[in-house]
Amino acid sequence: MPVKTTRNQWIVLGGLILFCLAVGAIGGGASASAIDGWYRTLAKPVWNPPDWVFGPVWTVLYIMMAVAAWLVWKTGDRVRPAMVLFFVQLALNLAWTFIFFSAQSPGLALIEITFLWLAVLFTMLAFFGRQTTAGWLFVPYLAWVSFAAALNFAIWWMN
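The structure contained in this document is the topic of the report that follows. Everything quoted here is computed from the prediction, not taken from an experiment. (Residues numbered from 1 in each chain as written. Predicted model: local features only at pLDDT ≥ 70, side-chain atom pairs only at ≥ 80, totals over all residues. Heavy atoms only, no water.)

Details of a nonpolar patch on the surface
- A surface patch of nonpolar side chains, amounting to about 580 Å² of accessible area, comprises L108, I111, F115, L118, F122 and L125.
- Tracing the sequence through the fold places L125 in helix α5 (residues 106-130).
- Looking at L125, the relative accessible area reads 48%, which means it is partly exposed. (Patch = residues over 30% accessible without salt bridge, like charges linked within 9 Å, V, L, I, M, F, W, Y side chains within 5 Å. Areas by Shrake-Rupley, 256 points an atom, 1.4 Å probe, with all protein chains shown as cover. Salt bridge = Lys/Arg side-chain N within 4 Å of Asp/Glu carboxyl O. Helix = DSSP H or I, 4+ residues; strand = E, 2+ residues; numbered from the N terminus. Buried < 20%, exposed > 50% of the residue type's maximum accessible area, 1.4 Å probe, protein only.)

As structure tokens, this is what we get:
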């Protein structure tokens, strides 16, 4: 494994933050037209947050995810399984956006978010096993995905 100099560590942190925010930006771009069109026509539960809440929440969560991954990466050897889980959950995160908004399929998105929730849980547990703070940084993300799953279910049920 390459030496993790202080300079390299900050480059990796910056890269992880940029990568996670890019995933968020791609998802935001994929959902923008559907939010202004199809999504507005759906019946939603009264506890559905206003649209403006999602952007700031996801931005903070993506940064927290990146920092968590960086903390795990910094621990050294045998981080590959945890990092693979990290990138799998990130891919599932992006896939949900395309399934729900681009494909306009809340039912299929509900199935997919179950896999996302499990991937986030397994990533969080793997991160706890490598670096405690990294695990804790995933707790709000798991809570938000749990909320998103409940919201996804409610939208599917109501429509």
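Now that the structure is up, let's keep going.
Quick notes on the packing of helix α3 (residues 51-74) against helix α6 (residues 132-158)
- Running from N to C, α3 and α6 point in directions that differ by 145 degrees, and their axes come no closer than 8 Å. Every pair of crossing elements has a handedness; the one defined by α3 and α6 is left-handed. Counted together, V53, F54, V57, W58, L61, M64, M65, V67, A68, L71 and V72 of α3 and T133, A134, L137, F138, P140, Y141, W144, V145 and L151 of α6 form the full contact between these two elements.
- In terms of residue class, the contact of α3 with α6 is made up of 19 nonpolar, one polar and no charged. (Axes fitted to C-alpha atoms, helices over the stretch in contact; angles between N-to-C directions. Left-handed = near helix turned anticlockwise from the far one by under 90°. Contact = heavy atoms within 4.5 Å. Nonpolar A, V, L, I, M, F, W, Y, C, P; charged D, E, K, R; others polar.)

Remarks on α6
- Look at α6: 39 Å from first C-alpha to last across 27 residues, which is about the 39 Å you get at 1.5 Å a residue.
- A distance of 3.0 Å separates the backbone nitrogen of T133 from a side-chain oxygen at the start of α6, and that oxygen is part of Q131. (Expected span 1.5 Å × (residues − 1). Polar contact = N/O pair within 3.5 Å; in protein donor to acceptor, adjacent residues only side chain to side chain.)

Looking at the packing of aromatic side chains
- For the structure on display, the rule yields 22 aromatic pairs.
- Summarising the aromatic geometry, the rings of F19 and F87 are spaced 5.7 Å apart at their centres and angled 75 degrees between planes, so their arrangement reads as edge-to-face. Placement of F19 in helix α1 (residues 6-36) and of F87 in helix α4 (residues 80-102) is noted, with a sequence separation of 68 residues between them.
- Considering the side-chain rings of F86 and F87, the 5.0 Å spacing of their centres and the 80 degrees angle between planes classify their relative orientation as edge-to-face.
- When its relative accessible area of 0% is taken as the criterion, F86 is described as buried.
- Exposure remark for F87: the relative accessible area of 36% places this residue in the partly exposed category.
- Taken together, the ring pairs in this structure connect F19, W58, Y62, F86, F87, F127, F138 and Y141 into an aromatic cluster.
- We note K74 situated over the ring of W70; from NZ or CZ to the ring centre the distance is 4.4 Å. (Phe/Tyr/Trp six-rings, centres within 6.5 Å; stacked < 30°, edge-to-face > 60°. Lys NZ or Arg CZ within 6 Å of the ring centre and 35° of its normal.)

Spatial relationships are all this shows, so hold off on functional conclusions.
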